[in-house]
Amino acid sequence: MTGPTNRPPRRSALLRTTTVVGAAVPLCLAGWFGWQAVSHDAPAGATAATGTAVASAAPGAAPPSTAAAPSTAATPAPGGTPSAATPPAAPPATPSDAPTPGTAASTALTGRTILLDPGHNPGNSSHTTEINRQVDIGNARKECDTTGTETDAGYTEADYTLDVSRRARAILTARGATVAFTQDGDRPWGPCIDERARAAADAHADVALSVHADGAPASGSGFHVIMPAKVVAGKADNSAIVEPSHRLGLLLRERFHAATGEPFADYIAENGLDTRSDLGGLNLSTVPKVFIECGNMRNPADAKRMTDPQWRQKAAEGIADALTAYLTSRG
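Rules of the game
- Residues numbered from 1 in each chain as written.
- Predicted model: local features only at pLDDT ≥ 70, side-chain atom pairs only at ≥ 80, totals over all residues.
- Heavy atoms only, no water.
- Buried < 20%, exposed > 50% of the residue type's maximum accessible area, 1.4 Å probe, protein only.
- Helix = DSSP H or I, 4+ residues; strand = E, 2+ residues; numbered from the N terminus.
- Pairing = 2+ DSSP bridges.
- Salt bridge = Lys/Arg side-chain N within 4 Å of Asp/Glu carboxyl O.
- Expected span 1.5 Å × (residues − 1).
- Axes fitted to C-alpha atoms, helices over the stretch in contact; angles between N-to-C directions.
- Parallel < 35°, antiparallel > 145°, perpendicular 65-115°, else oblique.
- Left-handed = near helix turned anticlockwise from the far one by under 90°.
- Contact = heavy atoms within 4.5 Å.
- Nonpolar A, V, L, I, M, F, W, Y, C, P; charged D, E, K, R; others polar.
- Disulfide = S-S within 2.5 Å.

Peer 1: Account for the pairing of strand 5 (residues 207–214), with residues named and values stated.
Peer 2: Of all eight residues in strand 5, eight are buried; the element is thus mostly enclosed. For strand 1 (residues 113–118) and strand 5, the ladder comprises five bridges, and the chain directions are parallel. From the neighbouring strand, D117 faces strand 5, where its bridge partner is S210.

This is the structure we're talking about:
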């Protein structure tokens, strides 16, 4: 989130996964299978298809890749010889019968609305005048927005946050949620931090989460979650969201670490948690909200992970799992 840069953003590649599954049937079983086909006709469309339905996905959204469903044809156990008198037992469930990791198709979040806030904007570096404008955050005035940071190779925070947020949106939508964005790469710059804070209330969201990456000294690594301190000043009064935001922060720390293996930050915060009163996105929010700094883009090890599409999919799964746990558990 720190370390502004004017280097042009680079778009990340989408994760693509292809699975090819083949099944071999011994010649001696051909006749038996033919008899089975005549005696036990399966209804059309019996094979389950694996997929993720993404409702109202914005143009350019990057849904997580889904492996092709393997064949569900029965295969005898090694060394087994089926007979017409004793048909073999049904085969075990195939991957097509189970949810794809991170994209469990369910109605767990039906009726819930989530606001995702991808930090910064790929176009901010071309609109420095606009983003340097000061805005009121309740207890101070700060810049409207910043350009964000980037890796040494030029992969920008703005591109990272959009990619991970889009992946998380696909997972959450598959679980029944309505997901709104503060920006989806669909505006030339911004929005300003005060507008980002209002966006959750405008969307009638139940919860909000801001996705970021840090630009700390290269010696530091790890992720941390930022929770709101109580701020009652000027136009800010976030008293009602402090406690539920803390609960969300704890869940996010747990689930993100479990999904990605990323350690807690060793250069800031304490055990992966930080509480701040200087962020307009938290001061002005009227909906439970936290920030996550997914890693330090200036650290070579963190940067290597964050530029890997497969790791970004895990990051999205950790974020989605935390939001799901928050919305489906009692506080």
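Peer 1: Which residues make up the pattern of salt bridges, and what values go with them?
Peer 2: Here the structure, examined in full by the defined rule, presents 16 salt bridges. A salt bridge links E254 to R255; the nearest nitrogen and oxygen atoms lie 3.3 Å apart. Residue classification places R255 among the partly exposed residues on the basis of a relative accessible area of 29%. Between R276 and D278 there is a salt bridge, with the nearest N and O atoms lying 2.9 Å from each other. With relative accessibility at 33%, the residue D278 sits in the partly exposed group.

Peer 1: Which residues make up helix 3 (residues 157–174), and what values do they have?
Peer 2: The first and last C-alpha atoms of helix 3 sit 26 Å apart over 18 residues, in line with the 26 Å expected at 1.5 Å per residue. The buried count for helix 3 comes to 18 of 18 residues, which makes it a mostly enclosed element. In the segment just after helix 3, G176 is the residue with positive phi, at about 105 degrees.

Peer 1: Please give an account of the packing of helix 3 against helix 8 (residues 309–328) that cites residues and values.
Peer 2: Between helix 3 and helix 8, whose axes approach to 8 Å, the crossing angle comes to 55 degrees. When the axis of helix 3 is compared with that of helix 8, the two are oblique. Handedness of the helix 3/helix 8 crossing: right-handed. Between helix 3, through Y160, D163, V164, R167, A168, I171 and L172, and helix 8, the contact on the second element is made entirely by P309, W311, R312, Q313, A315, A316, E317, I319, A320, L323 and T324. Residue composition of the contact of helix 3 with helix 8, grouped by class: 12 nonpolar, two polar and four charged.

Peer 1: Got a sec to walk through the packing of helix 5 (residues 242–260) against helix 8? Specific residues and values, please.
Peer 2: Where helix 5 contacts helix 8, the two axes come as close as 8 Å, and the packing angle between them is 145 degrees. Along this stretch, helix 5 crosses helix 8, giving a crossing that reads as right-handed. Residues P244, R247, L248, L251, L252, R255, F256, A259 and T260 of helix 5 touch helix 8, and the partners they reach there are W311, K314, A315, G318, I319, D321, A322, L323, A325 and Y326. Of the residues contributing to the contact of helix 5 with helix 8, the split by class is 13 nonpolar, two polar and four charged.

Peer 1: Account for the sheet that holds strand 5, with residues named and values stated.
Peer 2: Sheet architecture is open: six strands sit in the order 4-1-5-10-6-9, paired in mixed fashion. Every interior strand has two partners, whereas the edge strands, strand 4 (178–181) and strand 9 (273–276), have only one. Neighbour-to-neighbour, the strand axes of the sheet open up by a mean angle of 25 degrees, direction not taken into account. Pairing analysis gives six bridges linking strand 5 to strand 10 (residues 289–296), with the strands arranged parallel. Paired with L209 across the strands is V290, a residue of strand 10. Those strands touched by helix 3 are strand 1, strand 4, strand 5 and strand 10, and its axis lies near 145 degrees from that of strand 5.

Peer 1: A description of the state of the cysteines should follow, citing residues and the corresponding values.
Peer 2: Following the criterion strictly, the structure yields one disulfide and no others. C144 shares a disulfide with C192; S-S distance 2.0 Å. Looking down the S-S bond of the C144 and C192 bridge, the torsion is -95 degrees, so its handedness is left-handed. Here the residue C144 occupies a position in the loop between strand 3 (141–143) and helix 3, and C192 occupies one in the loop between strand 4 and helix 4 (193–202), the gap between them amounting to 48 residues. Overall, C192 belongs to the buried group, its relative accessible area being 4%.

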